[in-house]
Amino acid sequence: MPKHNADIAVIFEEIADLLEIQNANPFRIRAYRNAARVIGELPNEVSHLLEKGMDLTQLPGIGDDLAGKIKEIVTAGHCNLLDRLHTELPSAITELLKLPGLGPKRVKALYHDLDVQTLEQLHRAARDGRIRALPGFGEKIENNILQAIEVHANQAQRFKLAIAAQYAEALEKYLTATPGIVRVTVAGSYRRMRETVGDLDILVTTATTATAREVVRRFTRYDEVIEILSAGATRASVMLKCGLQVDLRVVREESYGAALHYFTGSKAHNIAIRVLAQKKGLKINEYGVFREGVRIAGESEAAVYAAVGLAYIPPELRENHGEIEIAKSGKLPQLIERSDLRGDLHAHTKATDGHNTLREMAQAGLAQGFEYLAITEHSRRLTVAHGLDTQQLLKQCDEIDQLNAELQGITLLKSIEVDILEDGSLDLPDSVLARLDLVVAAVHSSFNLSRTRQTERIIHAMQHPHFTLLAHPTGRLLQRRAPYDVDMLRIIREARQRGCFLELNAHPERLDLLDTQCRMAKEEGVLISINSDAHSIYDFANLRFGIGQARRGWLEKCDVLNTRTVQELRLLIDRTM
Ligand code: DGT
Ligand code: CA
Ligand code: CA
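Residues numbered from 1 in each chain as written. Chains lettered and ligands numbered in written order. Predicted model: local features only at pLDDT ≥ 70, side-chain atom pairs only at ≥ 80, totals over all residues. Heavy atoms only, no water.

1. Re the sheet that holds strand S10 (residues 294-297)
Paired through backbone hydrogen bonds, the strands of a sheet run either parallel or antiparallel to each other. Here is the rule we go by: Paired strands are those between which DSSP finds at least two bridges. The helix and strand labels rest on DSSP assignments: H or I over at least four residues marks a helix, E over at least two residues marks a strand, and numbering proceeds from the N terminus. To define axes, lines are fitted to C-alpha atoms, for helices over the stretch in contact only, and angles between the resulting N-to-C directions are given on a 0 to 180 degree scale.
Taken in spatial order, the three strands make up an open sheet running S8-S9-S10, and their pairing is antiparallel. Two strands lie at the open edges of the sheet, namely strand S8 (283-285) and S10, each paired on one side alone. Averaged over all pairs of adjacent strands, the angle between their axes in this sheet comes to 35°, without regard to strand direction. Across three bridges, S8 lies against strand S9 (residues 288-291) in antiparallel orientation. Residue pairing across strands places Lys-283 opposite Phe-290, the latter belonging to S9.

What follows is the structure, encoded as structure tokens:
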């Protein structure tokens, strides 16, 4: 929990940097820089001054607004303004700022003059020699940037969650077959359902310490291991052939909870919990929670949290983003689960680029426990996906009517994944859209419009009377294509006003909305639809990654559109009322 003066100063510096990149009012930027310096140099902790009831506006350059922000950081552990700035700017901007030699002025020039939004784009611009020509740069700085990116790239090879899951599950199964072990759990960022993982952290418990060596031996002999990085009595690290590192820890079953808590992280969450424990005179480590050397908890995670006075915090929330404060008050969200989903509002069939027929998709949906499934083919503009024209769509509507008359237990909803054209209009005539149960709309082209134009484009589309749901709202493809630049808060607010919804696309390459944006939608009261974007009957399995992302975004059952019954859904998506 950032309560120290230095933490507050860092937050204010970052706010100033991001405001500068946004071309905000220079006085406002200077106010944050000044506040960072004033707070950073204070001899006493601001949190103590606040406790003593001191009026912070007595500090030089601190007005009511900044005093409020300081209080917010001390009590809530984060700053709403900074959270908002993070969502308003491409997420890689913060990473760019961290590269040695790149301050806000240079990042701003790169962003505005060369439209550099990601490390990948920065790398390309540096390789092509486009950076040296910018005022204030030159060849030397361009070379430094190139070098810094290469160092960064070598450190940061991360695996998409769905890919890591394949390796994790196979290894879990392999280890479970070791004689004498009690259980195998994959912890770390994998358990927190982060969209990418740096490495796998596997925790094995045994009934006796004697078994630990056997587990380590079996682990290092796994077929996929290409290199043993280290191996000891209770721990080992290996590199798999695919380049994924796996860390193993073996503990006694009685320490399961404490060890699982430790290895699940995040590190920031762990540190905050440890500080909390210290305040209560407790010591916490991977073996248990101790008071004056006596172990008082450790067998389960719930007991570890209870020992420090907290409700159990689900792994997806453990990022030190306010979850600890909320756990203190016992008001943690009841996070959405896969079994809460009653349908899926985004699926394709053979009629465009899917692999299965309407009937096959309906049957597979039924097997998933769905009450409804929206069929959302691409529209004509998307020729690569053989998008449907008016005639073809109307023909599919007739087929759906016929099939619905026959199907038991599931309703197919007539829909379309209609293209949002560059001017914000939709790629099919109103008269056709009017025949559908709902209209899913998405951007598939002109990703590089300016932030204002891209935002206006989507808002204009939402104002269309038949618009229901914005699919994959940022357009990003994990590790391949950065999100297009939009003002997501404006879009969310427009959705709220218009009675529209946003999708959380569960495809492992997309996971779009991002977790922070889900939380923003929740706070603004906009329902999210967690959709598979299935192109075959097997793709419904991806919903679990969407659920993971939704949980990271603090979503509960009530925040998710497709937890509603088909009758409730029909009322919510009917825009004529
Ligand atoms: P990753 O692998 O980069 O996706 O992220 P994590 O969170 O899996 O990080 P990793 O693999 O470095 O460490 C696994 C967990 O171990 C981490 O989430 C928390 C715990 N951990 C690691 N280093 C420290 C540390 O220095 N202090 C504390 N308290 N916990 C740590
Ligand atoms: Ca890890
Ligand atoms: Ca690790």
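2. Observations regarding the site of ligand 1
Convention followed: Definition of nearness: a residue and a molecule or strand are near each other if at least one heavy atom of the residue lies within 4 Å of the molecule or strand. Any pair of N or O atoms that falls within 3.5 Å is considered a polar contact. Within protein, one atom must be able to donate a hydrogen and the other to accept it, and sequence-neighbouring residues count only if both atoms are side-chain atoms. Here, Shrake-Rupley sampling with a 1.4 Å probe gives the accessible areas, and only protein chains in the shown set may cover a residue.
Near ligand 1 lie 16 residues; those nearest to it are Arg-158, Ser-189, Gly-198, Asp-199 and Arg-274. At a separation of 2.3 Å, a nitrogen atom of ligand 1 approaches a polar side-chain atom of Arg-274. Compared with its free state, where it exposes 600 Å², ligand 1 has 73% of that area covered by protein.

3. Looking at the environment of Asn-404
Using the following cut-off: Working definition: with a 1.4 Å probe on protein chains only, accessible area under 20% of the residue-type maximum means buried, over 50% means exposed, and in between means partly exposed. Contact definition: two residues touch when any of their heavy atoms are within 4.5 Å.
The topology assignment puts Asn-404 in helix H18 (residues 390-406). The class of Asn-404 is partly exposed, set by a relative accessible area of 22%. For the pair Asn-404 and Ala-362, spaced 42 residues apart in the sequence, the C-alpha separation amounts to 9.5 Å. Ignoring sequence-local partners within four residues, the contact set of Asn-404 consists of Ile-410, Thr-411 and Leu-412.

4. So, the sheet that holds strand S4 (residues 200-206)
Spatially, the five strands line up as an open sheet ordered S2-S4-S7-S6-S5, and their pairing is mixed. Strands with a single pairing partner mark the edges of an open sheet, and in this sheet they are strand S2 (181-186) and strand S5 (225-231). For this sheet, the mean angle separating the axes of adjacent strands, direction not counted, is 20°. As paired elements, S2 and S4 share five bridges and run antiparallel to each other. Paired with Val-186 across the two strands is Ile-202, which belongs to S4. Where helix H13 (residues 256-264) meets the sheet, it contacts S2, S4 and strand S7 (245-252), and its direction lies at approximately 175° from that of S4.

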